[in-house]
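# Geometric and topological summary
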Amino acid sequence: MKQWRRYLRIAVALMCLSAAVIAFCPAAYAYIDQPDAAPSVSFLHVNRNLLTTGDAAVTGAYNIPYTDYPETIASRNFYIRLVSANGTEDIGTVTPFTYFNRGYGHGAFMIYIASGYEWEANYIVRISENPSQFEAPVNFDFILNAADYFTASETSSDNQADLDSQVIKLATDLQSHYTSYTFIQTIPGRTVLAAPTGETYFSNAMPGLQSMAPGIFLIQLVYPDTTSSNWTTTQSDNYTARFSGGWTGAATNATASQFHVTPQMVTGLVFTLPICIGAIILSSRKFLKAEPGFIVCLIALIMSFILGWVPAAVFASFYQALGIYVAYLLVGARSS
């Protein structure tokens, strides 16, 4: 009797296990229906040298027509591939971006190629069905012709500007299909992707687009120039030689030679120093403080430097001392 009970328990366990398998397997292996019509690709275009020399981007619009959209999103069921002319080698692959209608219907795509492609080759843009989702998967091929390549220029700036126009064209096409959304807007001087729909959709459907086509975004990316500067004294030397060749330069040079000093020392002592000392004395007597006189000194020093009457080292040292004094007035004098 006990042996029959054991067999009964084993049978019940097997039945429960079979029920679980039957319950979950159909969902895992159910295939989705074919599209209502053959998927299509349009507005194919190729630009190069967008981010680095030798790269390329294939852009276009797709249409995967369904009246009743499958439960699974389009990125799980379809691939957009760039294939060699003989159809055997994959150059690049993307999936539809899920934003409208689970990714089905009309959309845009970009296949970015860093290197390893042939310019103006007759590649195939192929919409492929995922074999795990279709009972009999089908490929839909579209030829990339030489006329689809941008050949007017090889420069990065020209290709980026042309890509701007291409993306605006794609956005305008999507606008005609999704009339309840705004993809583009006009601002003074140019047409850009509208925020949030246009910018959000194309930034995700075409990763890296903002760096490749910055002109169509309201928010611009500006990369600071971190190149080190090689500072020279060229401009200061030009100031110093301003009066060379005339009677003023000759007289200054003769006086400097007489006293064994530089010409800038002569003009600084004769013109600039008296103005500065006089301004400080007058300010101290009239306003009982020297700061107004310092302001006159600054103006006189700048004018003398431009005229070549003050050495660059003296000019720089004076302004450095002035910065220290201003810091003292702002911090040290108030805290004491």
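Refer to the structure presented above.
Because the structure is a prediction, the values reported are computed rather than measured.

### Observations regarding the pattern of salt bridges
By the definition in use, this model includes three salt bridges. Glu 154 is paired through a salt bridge with Arg 48; the nearest N and O atoms lie 3.4 Å apart. Of the two residues, Glu 154 is situated in the loop between β7 (139-143) and α3 (156-177) and Arg 48 in strand β1 (residues 40-48); the sequence distance between them amounts to 106 residues. Among the salt bridges present, the one from Asp 90 reaches Arg 81, with a minimum N-O distance of 2.8 Å. Classification of Arg 81 as buried rests on a relative accessible area of 18%.

### Quick notes on the sheet that holds β1
Strand pairing in a sheet is mediated by backbone hydrogen bonds. Such pairs are either parallel or antiparallel. Judged by pairing direction, the sheet is antiparallel, and its three strands sit side by side in the order β1-β2-β5 without closing on themselves. With partners counted over all chains shown, the strands left at the sheet margins are β1 and β5 (105-113), one partner each. Strand-to-strand, the axes of this sheet are offset by a mean angle of 15 degrees, without reference to chain direction. Of the pairings in the sheet, the one linking β1 to strand β2 (residues 56-64) comprises seven bridges and is antiparallel in character. Each residue of the ladder has a partner; that of Arg 48, found in β2, is Ala 56. This element, helix α4 (residues 197-205), spans β2 and β5 of the sheet and lies at about 50 degrees to β5.

### Here we look at the side chain of Ser 153
Residue placement: Ser 153 occurs in the loop between β7 and α3. Residue Ser 153 is classed as buried on the basis of its relative accessible area, which comes to 13%. For Ser 153, the side chain forms a polar contact with the side chain of Thr 155, separated by 3.0 Å. In this structure, Ser 153 is in contact with Asp 158 and Asn 159, ignoring residues within four places of it in sequence.

### Points about unusual backbone geometry
Note the cis peptide between Ala 195 and Pro 196, where omega equals 5 degrees. On the secondary structure map, Pro 196 appears in the loop between β9 (190-193) and α4. The phi angle at Phe 43 is positive, at roughly 55 degrees, despite the residue not being glycine. Following the sequence through the fold, Phe 43 ends up in strand β1. Taking relative accessible area as the criterion, Phe 43 reaches 35% and is therefore assigned partly exposed. For Asn 49, which is not a glycine, the phi torsion comes out positive at approximately 55 degrees. With respect to the element layout, Asn 49 can be found in the loop between β1 and β2. Overall, the relative accessible area of 13% leaves Asn 49 in the buried class.

The rules behind each value
- Residues numbered from 1 in each chain as written.
- Predicted model: local features only at pLDDT ≥ 70, side-chain atom pairs only at ≥ 80, totals over all residues.
- Heavy atoms only, no water.
- Salt bridge = Lys/Arg side-chain N within 4 Å of Asp/Glu carboxyl O.
- Helix = DSSP H or I, 4+ residues; strand = E, 2+ residues; numbered from the N terminus.
- Buried < 20%, exposed > 50% of the residue type's maximum accessible area, 1.4 Å probe, protein only.
- Pairing = 2+ DSSP bridges.
- Axes fitted to C-alpha atoms, helices over the stretch in contact; angles between N-to-C directions.
- Contact = heavy atoms within 4.5 Å.
- Polar contact = N/O pair within 3.5 Å; in protein donor to acceptor, adjacent residues only side chain to side chain.

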